[in-house]
Amino acid sequence: MILVTGGAGFIGSNFVLQWLAAHAEPVVNLDKLTYAGNLRNLDSLRGDARHVFVRGDIDDAELVAQLLRAHRPRAVLNFAAESHVDRSILGPAEFVRTNIHGAFNLLEAVRAYWSGLAGEAKRGFRFLQISTDEVYGSLAAGDAPFRETTAYAPNSPYAASKAAADHMVRAYYHTYGLPTLTTNCSNNYGPFQFPEKLIPLVILNALAGKAIPVYGDGLNVRDWLYVDDHCSGIRKVLEAGQPGAVYNIGGNSEKNNLEVVQTLCAVLDELRPAATRYASLISYVKDRPGHDRRYAIDAGKIRRELGWQAAESFAGGIRRTVGWYLAHAEWTRSVTSGAYQKWVSANYQERGAA
Ligand code: NAD
Ligand code: DAU
């Protein structure tokens, strides 16, 4: 079996669902269920004995060691993290605790467990760290996309915390020989994404007739990838990646934020027409401090070496995503509770209109 952490969050839950649809192999899912973790994402696995959910913290050494002893996984995949850049700006401490210390704690427990394995079990074991393209910093308009060899230059507390974890993963491979893998992926979107992130936030605000907040001039560029493609890339890296290696994963789909927002509004105009066009809700607000201008991924290595490439187009993925949010109003209601409302006030009230 495999041990997944953060498997009740956006990408982790999509991964667990995809894994169990494609493999017979069971998953132990360790998740703290922070505001971003939601067991409803895994509703379709109720009664499936191949999914074992454990509520707990990756920073709990005793719990992690006990899970490794009890389940003896052949791989550990670390999705668990604090993941929202704006939250890291308002409160970085939790990012240091989970993303850095939690990852370190997991690595230590895994190292002890792996050291006790022998033969094929030891050779075949993998620790896979799910990381981000934000560790590489910000690109200017004409710069070449990030490669696996691009120097790290994180600019937000979130990116710095992920970079620190990546460095520890690298060190555990070089120092202890732990068979690690690292993936650095671009911006994901799709079902079950918490509506603090741009795409679900725009969909939900538009449907509620609320302002659609665009930071700064709206021309920051991200490289968008449908979440199923990220998950299939991770499966490919787990199956065939070289121990110690890093793989960039991206959709070759650079868009600026205004293009993303306008595409969403156009799809909503078509699928859920309102009295006025949704784009009339677009409102420019104060920029994010240290806002990275552009991310772009060169995914050539994973394509050449492992034969992976994104299957979904941006237009197709956005349509599927809007359709999913329209069909899952109950999920949205369940995650936009009091805590969510508090976050929206903290992040947007003082931003005002730009
Ligand atoms: P998310 O915030 O939706 O989910 C994170 C999950 O981790 C939640 O279920 C939460 O409960 C859990 N968690 C948080 N702290 C924990 C702890 N201490 N112990 C156990 N569980 C804990 O995040 P996401 O968008 O699904 O991102 C998953 C991973 O992918 C993260 O490592 C993130 O850095 C990385 N990533 C995200 C994107 C993206 O666009 N969302 C892109 C590239 C990489
Ligand atoms: O690149 C990968 C990263 O993508 C992941 O590592 C992060 O976990 C994930 O959150 C995401 O980070 P971003 O900061 O790029 O995503 P976010 O959805 O927060 O913002 C996308 C862009 O939209 C960014 O340029 C900021 C802008 N934005 C965001 C929000 C929430 C707005 O203009 N308005 C908003 O209200």
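Above this text sits the structure in question.
What this report covers is the structure whose coordinates are included nearby.

### Describing the packing of aromatic side chains
Next up, step 1: Taken as a whole and judged by the stated rule, the model has 19 aromatic pairs.
Next up, step 2: Ring geometry for Phe95 and Tyr158: centres 6.3 Å apart, planes at 85 degrees, overall edge-to-face. Linking Phe95 in helix α4 (residues 93-115) with Tyr158 in helix α6 (residues 157-176), this pair joins segments that are 63 residues apart in sequence.
Next up, step 3: Exposure remark for Phe95: the relative accessible area of 2% places this residue in the buried category.
Next up, step 4: Overall, Tyr158 belongs to the buried group, its relative accessible area being 9%.
Next up, step 5: Centroid distance Tyr189 to Trp224: 6.2 Å. Interplanar angle 75 degrees. Geometry classified as edge-to-face. Placement of Tyr189 in strand β7 (residues 188-189) and of Trp224 in the loop between β9 (221-223) and β10 (225-226) is noted, with a sequence separation of 35 residues between them.
Next up, step 6: Given the relative accessible area of 1%, Tyr189 is considered buried.

### Regarding empty space enclosed by the protein
Next up, step 1: If you walk through the whole model with that rule in mind, you get 3 cavities of 30 Å³ or more.
Next up, step 2: The computed volume of the second largest cavity comes to approximately 60 Å³.
Next up, step 3: Looking at the second largest cavity, the residues that line it are Val85, Ile89, Glu134, Ser156, Arg222, Arg288, Pro289, Gly290, His291, Asp292 and Tyr295.
Next up, step 4: In the lining of the second largest cavity, the residues fall into 4 nonpolar, 3 polar and 4 charged.

Criteria and thresholds
- Residues numbered from 1 in each chain as written.
- Chains lettered and ligands numbered in written order.
- Predicted model: local features only at pLDDT ≥ 70, side-chain atom pairs only at ≥ 80, totals over all residues.
- Heavy atoms only, no water.
- Phe/Tyr/Trp six-rings, centres within 6.5 Å; stacked < 30°, edge-to-face > 60°.
- Helix = DSSP H or I, 4+ residues; strand = E, 2+ residues; numbered from the N terminus.
- Buried < 20%, exposed > 50% of the residue type's maximum accessible area, 1.4 Å probe, protein only.
- 1 Å grid on protein atoms, 1.4 Å probe; cavity = no way out; pocket = protein on both sides within 12 Å on 5 of 7 lines; lining within 4 Å.
- Points joined across faces, edges and corners; volume = space filled by probe spheres on them.
- Nonpolar A, V, L, I, M, F, W, Y, C, P; charged D, E, K, R; others polar.

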